[in-house]
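So you can see what is in the structure, the chains are spelled out below.
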Amino acid sequence: MTKTGYINAAFRSSQNNEAYLFINDKYVLLDYAPGTSNDKVLYGPTPVRDGFKSLNQTVFGSYGVDCSFDTDNDEAFIFYEKFCALIDYAPHSNKDKIILGPKKIADMFPFFEGTVFENGIDAAYRSTRGKEVYLFKGDQYARIDYETNSMVNKEIKSIRNGFPCFRNTIFESGTDAAFASHKTNEVYFFKGDYYARVTVTPGATDDQIMD
């Protein structure tokens, strides 16, 4: 279930320094001006069903997006509760389309069947290592490879152990949304009305909160 008034999902665009941020059934396209305070809204807020015509008759058009992550070219995975789809979001155009889905998460990612991720994912971000993505649910996270459609190391871990920089912060128990910056190895995390910009090291635990 989405949380009213706060960022539910986000993903980095293929366009430099741009990101899509979702709140319930609406979204904005943002120039987030990494490392500065010069951010600006480029488009929106607008309903998902209007900005992404291909989603109009789907669960995403009706209820919105509560998790997402970018992949390659102009493609992204989007989620709402236990459903997901792979879309071509066609930046700065009206040519978006659904590539795969909507499907249940367990059908799209069979290795999540029987795990905490089967019925919903809170947040995700694309790693700089290969085709890997970090996904979060509650106080746990998993690392997957979307090209091979597999879980890296077959483990679900606690945020506290995998991201020591979040210990004793509100992010230790979970995050609402995240997206990878266009600046290498920087990630934005959101929870309620708070955010953190974090430098990350894929596969390591020496991440640091920048601001």
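Residues numbered from 1 in each chain as written. Predicted model: local features only at pLDDT ≥ 70, side-chain atom pairs only at ≥ 80, totals over all residues. Heavy atoms only, no water.

1. Here we look at the pattern of salt bridges
Per the stated rule, a full pass over the model turns up eight salt bridges. It is possible to trace a salt-bridge network through shared partners that takes in Asp-72, Arg-126 and Lys-131. (Salt bridge = Lys/Arg side-chain N within 4 Å of Asp/Glu carboxyl O.)

2. Structural notes on the sheet that holds strand β5 (residues 67-70)
The strand order across the open sheet formed by four strands is β5-β6-β7-β8, and the pairing between neighbours is antiparallel. A strand with exactly one partner marks an edge of an open sheet, and here the two such strands are β5 and β8 (97-104). Put simply, the sheet's adjacent strands are angled 15 degrees from each other on average, direction ignored. Two elements, β5 and strand β6 (residues 75-80), share four bridges in a ladder whose sense is antiparallel. Within β6, the position partnered with Cys-67 by the bridge is Phe-79. (Pairing = 2+ DSSP bridges. Helix = DSSP H or I, 4+ residues; strand = E, 2+ residues; numbered from the N terminus. Axes fitted to C-alpha atoms, helices over the stretch in contact; angles between N-to-C directions.)

3. Brief notes about the sheet that holds strand β2 (residues 18-23)
Pairing is antiparallel in the open sheet, where four strands are placed in the order β1-β2-β3-β4. Among the strands making up the open sheet, the edge pair consists of β1 (9-12) and β4 (40-47). For this sheet, the mean inter-axis angle between neighbouring strands, taken without regard to orientation, is 15 degrees. Where strand β3 (residues 26-31) meets β4, five bridges bridge the pair, whose relative direction is antiparallel. Across the sheet, the residue bridging to Tyr-27 is Thr-46, located in β4.

4. Brief notes about the side chain of Arg-12
If you trace the backbone, Arg-12 turns up in strand β1. Residue class for Arg-12 comes out buried when judged on its relative accessible area of 15%. For Arg-12, the side chain forms a polar contact with the side chain of Asp-70, separated by 3.0 Å. Arg-12 has contacts with Glu-18, Ala-19, Asp-70, Tyr-89, Arg-126, Phe-179, Ala-180, Ser-181 and His-182, leaving out every residue within four places of it along the chain. (Buried < 20%, exposed > 50% of the residue type's maximum accessible area, 1.4 Å probe, protein only. Polar contact = N/O pair within 3.5 Å; in protein donor to acceptor, adjacent residues only side chain to side chain. Contact = heavy atoms within 4.5 Å.)

5. Here we look at unusual backbone geometry
With omega at 5 degrees, the peptide bond leading from Gly-44 into Pro-45 counts as cis. One can find Pro-45 in strand β4. Cis geometry marks the peptide bond from Gly-101 to Pro-102; its omega dihedral reads 0 degrees.

6. Thoughts on the nonpolar core
In this structure, Phe-69, Phe-77, Phe-79, Phe-109, Phe-112, Ile-121 and Leu-135 are the most contacted members of the largest nonpolar core, which totals 19 residues. Only β5, β6, β7 (83-88), α3 (105-108), β10 (132-137) and β11 (140-145) provide two or more residues apiece to this core. Sequence-distant contacts of Leu-135, defined by excluding residues within four places in its chain, comprise Phe-69, Phe-112, Phe-117, Ile-121, Ala-123, Ala-124, Gln-140, Tyr-141, Ala-142 and Ile-144. (Core = buried A, V, L, I, M, F, W, Y, C linked by side-chain atoms within 4.5 Å.)

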